[in-house]
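# Observations on chain architecture
Residues per chain are reported as follows:
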Amino acid sequence: MAFWVVLWKVVFLATVGIYGVMAVWVTIQGARDIKSMMADIRQRHEAGKAAGGGD
Amino acid sequence: MEFSEILQQTNFTTVDWVIVLVYPLISVALGLIASRYVADMDDFVVAGRGIRTALGVATLTGTELGLVTVMYSAQKGFTGGFAAFHIGVVAGVVSFFVGLTGFIIAALRRREVLTIPEFYGTRFGRKTRILGGIILAGGGIFNMGLFLRAGSIFIVGITGLPAESGALTVVMIVLLGLVLFYTVLGGMISVVLADYVQFVVLSFGLLAATGIAVIKLGWGNIFTRMIELKGAAGFNPFEAESAFGPEYVVWMMFLGLVVCALWPTSVARALAAKSETVVRHQFMLASASYAIRFIVPYFWGACAFIMIMGLPALKEAFFPTAEGVEAVDSLYALPVFMGRILPAGLIGIITAAMIAAFMSTHDSYFLCWSSVITNDIIAPLAGKEWDQRSRVMVTRGLILLIGVVIFLVSFAFPLQQDLWDFMAISGAIYFSGAFAVLVGGLYWRRASSTGAVAALLAGCLAVFGLGVVRDAVLRGLLRCSEKTIALFSTERVGISVILLSVIAMVVGSLLFPDKQRNEGPA
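Residues numbered from 1 in each chain as written. Chains lettered and ligands numbered in written order. Predicted model: local features only at pLDDT ≥ 70, side-chain atom pairs only at ≥ 80, totals over all residues.

On to the overall build of chain B. Helix and strand content of chain B: 24 helices and zero strands. Buried residues in chain B amount to 60% of all 522 residues. Across chain B, every contact between residues at least 6 apart in sequence was considered, and the portion connecting residues at least 24 apart equals 86%. (Helix = DSSP H or I, 4+ residues; strand = E, 2+ residues; numbered from the N terminus. Buried ≥ 20, exposed ≤ 12 C-beta atoms within 10 Å, placed from the backbone. Contact = placed C-beta atoms within 7 Å.)

What follows concerns the overall build of chain A. Counting its regular elements, chain A contains one helix and zero strands. Relative to its full complement of 55 residues, chain A shows a buried share of 22%.

With that settled, consider the interface of chain B and chain A. With 38 residues of chain B in contact, the opposing surface of chain A contributes 29 residues. Counting residues per element, the ones that place at least two in the side of chain B that touches chain A are α4 (53-64), α6 (85-101), α11 (166-217), α15 (276-309) and α19 (388-412) of chain B. Per-element accounting of the side of chain B that touches chain A gives the leading share, eight residues, to α11 of chain B. Looking at side-chain class alone, the side of chain B that touches chain A contains 27 nonpolar, six polar and five charged residues. (Nonpolar A, V, L, I, M, F, W, Y, C, P; charged D, E, K, R; others polar.)

The next point concerns the environment of Leu 255 of chain B. Residue and element names in this part refer to chain B. Its location among the elements puts Leu 255 in helix α13 (residues 246-262). Taking the C-beta count within 10 Å as the criterion, Leu 255 has 24 such neighbours and is therefore assigned buried. Residues Leu 255 and Phe 435, spaced 180 residues apart in sequence, show a C-alpha to C-alpha distance of 11 Å.

What follows concerns helix α17 (residues 333-341) of chain B. Burial within α17 of chain B is extensive, with eight of its nine residues counted as buried. Residues of α17 of chain B that are buried include every one of Ala 333, Leu 334, Pro 335, Val 336, Phe 337, Met 338, Gly 339 and Ile 341 of chain B, and no others.

Its place among the elements puts Gly 80 of chain B in helix α5 (residues 67-80). Sequence separation of Gly 80 of chain B and Phe 299 of chain B is 219 residues, and the distance between their C-alpha atoms is 11 Å.

With that out of the way, let us pick up the nonpolar core. All names here are of chain B. Among the nonpolar cores identified, the biggest contains 189 residues, and Met 71, Ile 105, Ala 150, Ala 304 and Ala 333 are the most heavily contacted of them. Of all the elements, α15 adds the most residues to this core, at 21 residues. Composition of this core by domain shows at least three residues from each of domain 1 (3-370 + 383-413) and domain 2 (414-522). Leaving out residues up to four positions away in the same chain, Ala 150 has contacts with Leu 67, Val 68, Met 71, Tyr 72, Leu 331 and Leu 419. (Core = buried A, V, L, I, M, F, W, Y, C linked by C-beta atoms within 7 Å. Domains from an automatic or database assignment.)

Looking now at the domain arrangement of chain B. Residues and elements named next belong to chain B. Each domain of chain B was delimited in the assignment, giving domain 1 (3-370 + 383-413) and domain 2 (414-522). Residue-level contacts link 39 residues of domain 1 with 35 residues of domain 2. Mapped by element, the contributors of at least two residues to the side of domain 1 that touches domain 2 are α5, α7 (105-110), α8 (116-124), α9 (126-143) and α13. Tallying contributions element by element places α9 first for the side of domain 1 that touches domain 2, with nine residues. Its residues placed into classes, the side of domain 1 that touches domain 2 shows 24 nonpolar, 10 polar and five charged.

Once that is clear, we can look at the packing of α9 of chain B against helix α20 (residues 419-443) of chain B. Residue and element names in this part refer to chain B. Where α9 meets α20, the closest approach of the two axes is 9 Å, and the angle between their N-to-C directions is 170°. In this view, α9 runs roughly antiparallel relative to α20, as classed from their interaxial angle. Between α9 and α20, the residues in contact are Ile 135, Leu 136, Gly 139, Gly 140, Phe 142 and Asn 143 and Met 423, Ser 426, Gly 427, Ile 429, Tyr 430 and Gly 433, respectively. Among the residues forming the contact of α9 with α20, the class breakdown is six nonpolar, six polar and no charged. (Axes fitted to C-alpha atoms, helices over the stretch in contact; angles between N-to-C directions. Parallel < 35°, antiparallel > 145°, perpendicular 65-115°, else oblique.)

All names here are of chain B. Two elements in contact, helix α14 (residues 264-272) and helix α18 (residues 346-382), have axes separated by 10 Å at closest approach and are oriented at 80°. In terms of their interaxial angle, α14 and α18 are classed as roughly perpendicular. In contact with Pro 264, Thr 265 and Ala 268 of α14, α18 contributes Ser 364, Tyr 365 and Cys 368. Class assignment for the residues of the contact of α14 with α18 results in four nonpolar, two polar and no charged.

Structure (structure tokens):
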């Protein structure tokens, strides 16, 4: 049983640690991604209008 | 002490109510912003395929780390102790493997389809697409049928609202209404923006709540007390006396694959990614999310168990010793625990974030099931080219209809097993067949439409894993003994149906090959 106790302690600390780092990265980079995504969609619509495309 | 009196012993204050009421309005604002960007189904369903890695991870986590996930996971931690961690570990490892290899997800992204049934259509023909769409949408809507109930239990438990008051129903209707509003307006763009905000708030709230739980109960004491209360069964999932066992662990391995590579909302993120490379990176990075979305709530559930066992009134409520007294639903353990350990202010932020998580889970699923019905059932049956504007309108109407259906199901269906096990087996109605059809269709040239149909129909047999169906058939109709009924555990039915679907796919394909091969493996 000692094996399982140690394993789950390590797993818990590792996943919380990794998640914390990932949360910070996703928060910062995600904001940039949103800006890019909206710009891409706007560009695509303008290109569609210029080409005279419909639905 | 009555349970209703116990519920009122929460730290939830007026300040917390203000936080909770203001937060959802952010999602409404995002819906209004997003609606200006929707021009066609590509925008509405997959946000124009412009989602990059970080945003993909945020939306994936935002959808999958929902209030319902937290509730059913905490319940598993409460009933199974730390042994439940194996489910999260397996989910993370499998997701990483899927990202590394691109198994299923990369091949699907390469085909540029919008949904899984659309792939069925291009590979196996129209009939397979329609049948697949019906099973997927039907199973999926049923699977989310109890979300509202889990959400209401959380809100009652953490706020101290009286369970029998009409206020609770009003709260649920308002939340459902808000989700429907911004999903109908902005589709996937709204979903992505709302998921991002929810990811940020919930992630940091979750980490804070975990820290507080450890400080209040004591890191060493948590494990010591679990050893005292549950022994090896609280840690070793293979232990005979644990809540799991070897068959359950195998079932969870398969579910780990399903959750990331077969479940439509995960696959939808893959289909919305900018490229195959982004898909793989996204899944590898999100593997930590897949693990943590289970492991942290399991930890909370285990902590809730330890706290409850240490307080006589709560212990008696959840594990009554008096004759004829019914135990309180173990789903209440987490909100009761959080209501007692979190300080005012933080409890409001966590509750608001959890409600946002609840909403973001709903918005993704509404979008997913409604687009399946539009694209994969109605459009092929109608047999005509539909303009994009009409498709979007119909999809929006279906979102509203699904909202009504789940409201009705959530309060009427008799749940006779842990919520996680209900969701695993109700999901199996769809994914058992889907596994066989996707793997066969993507990687085996000889897979035929007859094999695909057989596999999809075989997958529907998973319904016999539901407690209420099993009871009705085995106990009610066939009058089987308890020993016989015990043979049909959820995990055994689930694994058996998956194997049956694979066999049906192989045998059906070999016996009835397609006359004309449709777009075999890419």
